[in-house]
Amino acid sequence: MIKLSVVIPVYNAEKHLKACIESLLSQTLAGLEFIFVNDGSQDNSPQIIASYQATDSRITLINQSNQGVSVARNNGITVAQGEYIGFVDADDTISADFFEHHYTLAVQHQVDIVVSNFMQEQGGYIIQVKSTFSSEKVLDKSYIDSILLPTFIKNSSLNTCWNKIYRKDFVHQFDIKFPVGIALGEDGIFNLKAFNKANTAFFTNYSGYLYKEIEGSATHDLSKKDYFKRALEVYHFDYESLLKKNYGSKQIEEWRSIRLVESVMSYVNLYLEPNPSISSWFGMRYVKKMISHPIIENSIQKYEKPLFQNKSKYQQFLLNAIKSKSITALFLAVRYSAFRNKK
């Protein structure tokens, strides 16, 4: 019996793929299957997977033309045979007991989704990312509807799919898939659909997933991604039609407006910090476009009080500079912060 299916989308991942595969094959949980979906890689990724497949029957390799991570994951979901489904990115690694811990909790508590903390490697440091939700107990539909689902409107803290496992029957029953044609945020929409249909969830304080921020990835090459455009798409997303919950249009408007402004704050740092992929002039022009947008102006004016709550002095300075549209103040603040953090 296959207890858990692990779907791994792969695209030009040869540099980190072996470490990922080794961590998967070292799992202590019996009854696993590993579904690698090669998304038209141009490097040696499919050959690396095939070499491991020759000696381990748990590995399945699907080859497809380059169609994106959402199609790759969806194709993996379609063929999954396990009781539960999990995801791993080809750049990342997991602890030996990662899936045993998740599966044991899922079966013990008979829940639809299990969520864990994770570790993030960035700039040579490893940061532990912890959940703020109730943990080590079963969360019912009422908690999901009142606390978890609004979180998807407020921020992206629940977006990742690789620190979770999902009961396959309910994923298939409700045809929960990753959206196709979205450059960023496909995880968030998948999880929004999943939690919307889930009756139970379980958050554990365990951390066994190491997410690696890869240099040269899309996140770092700012010239190729329009992050503000994506943030506006998230802002305009029709949550009401998908969720069919009565949160109230005014409340949803406040949540989505605060999320948009906080996204812009993070992008200000992203685009004004020293980055070899863009010039300082490019970054300043991009930031000017963001902070001059009428939705940003209106959101700060309308929700100034909740926006400034629980913010650090640095964040409050950024908000004031955005409000006054001072590119110079933003540039100097971000560069000074980057300089201090390097010391």
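Residues numbered from 1 in each chain as written. Predicted model: local features only at pLDDT ≥ 70, side-chain atom pairs only at ≥ 80, totals over all residues. Heavy atoms only, no water.

Caption draft 1: Geometry of the overall build of the protein. The helix and strand inventory of the protein stands at 15 helices and 10 strands. Along the longest, intermediate and shortest principal axes, the C-alpha atoms of the protein span 60 × 45 × 35 Å. Here the protein holds 343 residues, and 51% of them are scored as buried. Within the protein, contacts between residues at least 6 apart in sequence are counted, and of these 79% link residues at least 24 apart. Summed over its atoms, the accessible surface of the protein is roughly 16,300 Å², and 51% of this surface lies on carbon and sulfur atoms. (Helix = DSSP H or I, 4+ residues; strand = E, 2+ residues; numbered from the N terminus. Buried < 20%, exposed > 50% of the residue type's maximum accessible area, 1.4 Å probe, protein only. Contact = heavy atoms within 4.5 Å. Areas by Shrake-Rupley, 256 points an atom, 1.4 Å probe, with all protein chains shown as cover.)

Caption draft 2: Structural view of unusual backbone geometry. The phi dihedral of asparagine 12 is positive, around 50°, even though this residue is not glycine. Locating asparagine 12 in the fold gives a position in the loop between β1 (4–10) and α1 (14–25). Residue class for asparagine 12 comes out partly exposed when judged on its relative accessible area of 34%. We note that lysine 325 has phi near 60°; this positive angle belongs to a residue other than glycine. Within the secondary structure, lysine 325 sits in the loop between α14 (313–323) and α15 (327–342). Here lysine 325 falls in the partly exposed class, since its relative accessible area comes to 36%.

Caption draft 3: Quick peek at the packing of aromatic side chains. Across all of its chains, the model carries 19 aromatic pairs by this definition. Centroid distance phenylalanine 87 to tyrosine 166: 6.0 Å. Interplanar angle 65°. Geometry classified as edge-to-face. Of this pair, phenylalanine 87 sits in strand β4 (residues 84–87) while tyrosine 166 is found in strand β9 (residues 164–167), placing the two residues 79 residues apart along the sequence. This pair shows no difference in class: phenylalanine 87 is buried, exactly as tyrosine 166 is. Plain terms: the ring middles of tyrosine 247 and tryptophan 255 are 5.8 Å apart, the flat faces sit at 65° to each other, and that makes the pair edge-to-face. Classification of tyrosine 247 by relative accessible area gives buried; the value is 18%. For tryptophan 255, a relative accessible area of 14% corresponds to the buried category. An aromatic cluster is built from Phe98, Phe99, Phe118, Trp162, Tyr206, Tyr209 and Tyr211, whose rings are joined through pairwise contacts. The positively charged end of arginine 73 is found above the aromatic ring belonging to phenylalanine 178, 5.0 Å away from the centroid. (Phe/Tyr/Trp six-rings, centres within 6.5 Å; stacked < 30°, edge-to-face > 60°. Lys NZ or Arg CZ within 6 Å of the ring centre and 35° of its normal.)

Caption draft 4: Structural context of helix α11 (residues 280–291). The terminal C-alpha atoms of α11 lie 17 Å apart, and with 12 residues this matches the ideal 16 Å at 1.5 Å per residue to within 8%. Within α11, the full set of buried residues consists of Gly283, Tyr286, Val287, Met290 and Ile291. Across the axial projection of α11, the buried residues extend over an arc of 125°, all falling on one side. For α11, exposure combined with an orientation more than 90 degrees from the buried face picks out Trp281 and Lys288. (Expected span 1.5 Å × (residues − 1). Arc of directions from axis to C-beta.)

Caption draft 5: Inspection of the pattern of salt bridges at higher detail. Counting across every chain of the model gives 12 salt bridges. Put simply, glutamate 253 and arginine 256 hold a salt bridge, and the shortest N to O gap is 3.9 Å. Of this pair, glutamate 253 and arginine 256 both sit in helix α10 (residues 249–272), three residues apart, which is roughly one turn of the helix. Residue glutamate 253 is classed as partly exposed on the basis of its relative accessible area of 23%. Salt-bridge contacts for glutamate 304 lead to lysine 323; the nearest nitrogen and oxygen are separated by 3.0 Å. Taken together, the residues span a long stretch of sequence, with glutamate 304 in helix α13 (residues 304–308) and lysine 323 in helix α14 at a distance of 19 residues. Glutamate 304 gets classed as partly exposed once you look at its relative accessible area, which sits at 30%. Its relative accessible area of 41% is what places lysine 323 among the partly exposed residues. The network of salt bridges with shared partners includes Arg73, Asp89 and Asp187. (Salt bridge = Lys/Arg side-chain N within 4 Å of Asp/Glu carboxyl O.)

Caption draft 6: Main features of the environment of valine 287. Looking at the element boundaries, valine 287 is found in helix α11. Spatially, the C-alpha atoms of valine 287 and proline 46 are 40 Å apart, while their sequence positions differ by 241 residues. Excluding residues within four positions of it along the chain, valine 287 makes contact with Val268, Tyr271, Leu272, Ile327 and Leu330.

Caption draft 7: Region of the structure containing the nonpolar core. Counting 73 residues, the largest nonpolar core has Leu24, Phe36 and Phe99 as the members making the most contacts within it. Sort the elements by how many residues they give to this core and strand β10 (residues 201–212) lands first, with six residues. Here phenylalanine 99 is in contact with Leu4, Val6, Leu24, Gln27, Leu29, Leu32, Gly86, Val88, Ile94 and Ile165, once residues within four sequence places are set aside. Within the second largest apolar cluster, 35 residues are counted, among which are Ile258, Met265, Leu272 and Leu319. (Core = buried A, V, L, I, M, F, W, Y, C linked by side-chain atoms within 4.5 Å.)

Caption draft 8: Fine view of the pairing of strand β2 (residues 32–39). Counting buried residues along β2, eight of its eight residues qualify, which places the element largely inside the surrounding structure. Of the two faces of β2, the one holding Leu32, Phe34, Phe36 and Asn38 and the one holding Glu33, Ile35, Val37 and Asp39 are both buried throughout. Summarising the sheet, β1 and β2 pair through seven bridges and their orientation is parallel. Bridged to leucine 4 within β2 is leucine 32. (Pairing = 2+ DSSP bridges.)

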